[in-house]
Amino acid sequence: MQLKTLWVWTARLFSLGAILAFVVVIALAVYVIRVSADLPSYEALQNYEPAVMSRVHAGDGKLIAEYAREHRVFVPRDAIPDHIIQAFISAEDKNFYIHNGLDVKGIIRAILVNIKNKIEGRRLVGASTLTQQVAENFLLSTNQQLDAKVRKMVIAVRMEKVLSKDKILELYLNEIYLGNRAYGVAAAALNYFGKPLDELNLAEIAYLAALPKGPANYDPVRHKGRAVARRNWVLGRMVANGYIEEDTATLYREEDLVIANRLSGASYLAAEYFVEEVRRKVFTMYGEDQLYDGGLSIRTTLDTRLQLEARKALRAGLEDYDRRHGYRGALARLDSLEDWQTKLTEVKTVSDVDPNWNLALVLALTSEGARIGLFSGREVQIPLSALEWARKPAREAKLGPEVTAPSDVLRVGDVVYAEAIKDTESDYDLRQVPAVNGAIMAMDPHTGRVLALVGGYSFQQSQFDRVMQARRQIGSAFKPFVYAAALDKEYTPVSLVLDAPFIADGGSQTRFYKPGNYAEGKFYGLSTLRLGIEKSRNVMTVRLAQQMGMAPIVDIGVRTGIYDQLAPVLAMSLGAGESTPWRMVGAYASLVNGGRKVEPTILDRVQDRTGKTIYRHDQRDCPGCNVIDETEYIFAEPHLPENRPQVLDAVTAYQITSMMEGVVLRGTATRMRAVGKPLAGKTGTTNDYKDAWFMGFSPDLVVGVYVGFDNPATLGRGEAGGRVAAPIARDFMIDALKDAPNAPFRIPEGVRLVRVNQRTGELARPGDPGTILEAFRPGTEPRRGAQGVRLSIGKGRAGVDEAELPEEEDDLGGLY
């Protein structure tokens, strides 16, 4: 009886246990189904593509920027070296190739270890496999740790069913965050060591494999010792798993951990304005997700050598101008010299100042100079001779009294910039960041490819791009287009226009309009168009505009892209309208390329993550490209169709180019002669010297320079385009054209060159002094014994000053 009762109770307990087990299984199944209901399907797992950063390359192939939310370079499994896979498996999941997504033994082992660690107050360990770590990328946000673990396990099992081990490894090694803004091993190799994967040595590979546990814990700068120890542990695990020999591991344990600073240095800093314009352009074209996650390959037009030269020339020119206008004061002041080196580190400075400039503190003043302390602790001096430029600025860009003692400029405790004077041991010069700003742009005039673009002195100080965004009056830089309109109206380069006082109706805003020349109160009588543009004569330009009417001037300004619209008033003939360096460079290109309009471009090509070209700037078909001439067994030269619109007559464009050569040789831009190559150009200065321009070109390069204050203010009397902007263009073009041939400008059909007197425009005989070859349309050249010139008097007063032509340095292309 007792045995039977025991049996009954045993059966009941067993049944109850079975029911409970069944309920638990059902509950677990329901729970798993519930928490995994919105997980990705098998198809989503198979088609998953991680976000990949977009990379920007210059026209010469150099990497200049990366755009990403997650800095990742996707690398297929076949391109990942075996040692990298072995290192990560050794460090993270040695059973990867034998489990099905969950390492049961590892989970049990982790539970037992964590019980002990919990009791001892130590950090808990995990048991996630590589597959589970990849699965984390598919999880939706959750605040419940258990839910997250279950969901991760479900995805891991699903992944093992639909993806091969190699595919899972590929996803893992491209997904994992490894610190230093790097997602995936390829980006980490670049960011830490500046190398592609196939150039890493075992020590570097082992360090990368050490990072998944906690990149911040093994930072190579802040925690170098800990990082090296973890790296060496990975090498040991590789030995234990049979991937490398102990002797090899010992060799690489001794190697130092050295990190490369990628995307830094002069080339990177020089391109900051350019790459920001690329970012804006691509963002507009393809949107935020494609730009930052789409893995675009962006090939730009930038020439990194010319970009460096452009930045150097612009900075030097702005600094030279700034020194002519005095010293504005110290960066900061320290109340006490106690522990001054530490205090110096706390002073906020601009991060992209010239690397030769040193932050320094004025320690003492003597009659001979200022003793300063450098950040390094070294003490040097600024001699009085190096302070003579540092007079106090006065109103309207004038200067205060001359410097007679260091105390006129500095005080003890001043924090300043100082730069070592060449060929001296301990003498330094006082430096300051310019308050004035500017821009420079260089472009191929035949294709529109922008080769260099610098939008300001410092991108770190101001991201405002003055090439693209600064709309300023262009002054006399517009005059070539006024004269081009005249040449289209049957004027010639030797047509005479009266340079005499001029008064016109000023419209509703002013009683009258009275322009003046750069040399105030001086007028030079009848002058040829060539002389008018070479010497940048304001009055004769306005008289010419009145004679023609403003309609052709408005038309040519809009047609060449300088303006979208232009008010038909006489002041606009002197450049009173506003434009940008970007538009001006594009317009000047049409003068040298035969009158064709080219749109400046910073992009050559854009490819998607698969390598498919989705944008190409040059849309012309080339059926003859890559076609072999079978008779000669060579590639035949292809013929490309001409699709650039004709905005200027080719003969007119050459005539203006020839006249602008005279600006460089004899006119307001004689500083450009130092380049030593065939050049044409035009200076520009606006009212009160607020804006200074130089626009110019060689046969195959067009350059524009603008200088001015962001909040318009006078640059100072005499600070005109020829003095402020032209030297920047000169210094840039000396380097840019040093290897260019000394080829003349191309002469189109329909041009006849005739020898004339450069001042009067009359026919000249061989051997006559002051003669030049002038460009005419056939039938319009002057004839001996005939007047051959057009006289334009227009409205004005009598009393012409027939004085000798002055050696004018610059022009004032604005309003009086």
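Anyway, here's the lowdown on the structure attached to this text. Bear in mind the structure is a predicted one, so any value in this text is a computation, not a measurement. Think of each chain on its own: its residues are numbered from 1, step by step along the sequence as written. At least 70 in pLDDT is required for a residue's local features to be given in this predicted model, at least 80 for side-chain atom pairs to be given and counted, and no such filter applies to totals for whole chains, interfaces and linings, which use all residues. Computation of side-chain values covers all heavy atoms of the structure but excludes hydrogens and water.

1. Observations concerning the sheet that holds strand 25 (residues 691–698)
Argument step 1. Strand order in the open sheet formed by five strands is 13-12-26-25-24, with antiparallel pairing between adjacent strands. This sheet does not close on itself; its edge strands, each paired only once, are strand 13 (450–454) and strand 24 (680–685). Taken pair by pair, the neighbouring strands of this sheet meet at an average axis angle of 5°, ignoring direction.
Argument step 2. With four bridges connecting them, strand 12 (residues 437–443) and strand 13 associate as antiparallel partners. For Met443, the partnering residue across the bridge sits in strand 13 and is Val450.
Argument step 3. Against the sheet, helix 23 (residues 726–736) engages strand 12, strand 25 and strand 26 (701–708), with an angle of about 150° to strand 26. Any two strands with at least two DSSP bridges between them are considered paired. A helix here means a DSSP run of H or I that spans at least four residues, while a strand means a run of E at least two residues long, and both kinds are numbered starting from the N terminus. Angles shown run from 0 to 180 degrees and are taken between the N-to-C directions of axes, each axis being a line fitted to C-alpha atoms and, for helices, limited to the stretch in contact. Any two residues having at least one pair of non-hydrogen atoms within 4.5 Å are treated as being in contact.

2. Notes on the sheet that holds strand 21 (residues 613–616)
Argument step 1. Spatial ordering of the open sheet is given by 2-1-5-20-21, a layout of five strands whose pairing is mixed. Only two strands of the sheet have a single partner each, and these edge strands are strand 2 (63–67) and strand 21. Shown here is a sheet whose adjacent strand axes are inclined to one another by a mean of 15°, direction ignored.
Argument step 2. Pairing between strand 1 (residues 54–57) and strand 5 (residues 297–300): three bridges, direction parallel. Each bridged residue has a counterpart across the sheet, and for Arg55 the counterpart in strand 5 is Ser297.
Argument step 3. Where helix 13 (residues 272–293) meets the sheet, it contacts strand 1, strand 2, strand 5, strand 20 (603–607) and strand 21, and its direction lies at approximately 35° from that of strand 2.

3. Here we look at the environment of Asp768
Argument step 1. Within the secondary structure layout, Asp768 lies in the loop between strand 27 (752–757) and strand 28 (771–776).
Argument step 2. With eleven residues separating them along the chain, Asp768 and Asn757 place their C-alpha atoms 8.1 Å apart.

4. Considering the pattern of salt bridges
Argument step 1. Here, a salt bridge means any Lys or Arg side-chain nitrogen found within 4 Å of an Asp or Glu carboxyl oxygen. The tally for this structure, following the rule as stated, stands at 43 salt bridges.
Argument step 2. Here Arg777 and Asp488 are joined by a salt bridge, their closest N and O atoms 3.8 Å apart. Separated by 289 residues along the polypeptide, Arg777 in the loop between strand 28 and strand 29 (791–792) and Asp488 in helix 16 (residues 479–488) bring together distant segments of the chain.
Argument step 3. Close ionic contact of Asp649 with Arg777 constitutes a salt bridge, the shortest N to O distance being 3.0 Å.

5. Observations regarding helix 23
Argument step 1. For helix 23, the full list of buried residues reads Ala726, Pro727, Ile728, Ala729, Phe732, Met733 and Ala736.
Argument step 2. Structurally, helix 23 contributes buried residues whose contacts are with helix 14 (304–323), strand 12, strand 25, strand 26 and helix 22 (721–724). Exposure classes here rest on a 1.4 Å probe applied to the protein chains alone. A residue is buried below 20% of its type maximum, exposed above 50%, and partly exposed in between.

6. Quick notes on the nonpolar core
Argument step 1. Core analysis: the biggest nonpolar cluster contains 137 residues, and Tyr588, Met672 and Phe732 have the highest contact counts within it.
Argument step 2. Among the elements that make up this core, the one with the highest residue count is helix 20 (residues 581–592) (eight residues).
Argument step 3. For Phe732, the residues in contact, after removing those within four places along its chain, are Leu306, Glu309, Ala310, Ala313, Ile440, Ala442, Leu701 and Val703.
Argument step 4. Judged by nonpolar contacts, the second largest core, of 53 residues, contains Ala91, Ile155, Leu163 and Ala209. Only buried residues count toward a nonpolar core. Its members are Ala, Val, Leu, Ile, Met, Phe, Trp, Tyr and Cys residues joined through side-chain atoms within 4.5 Å.

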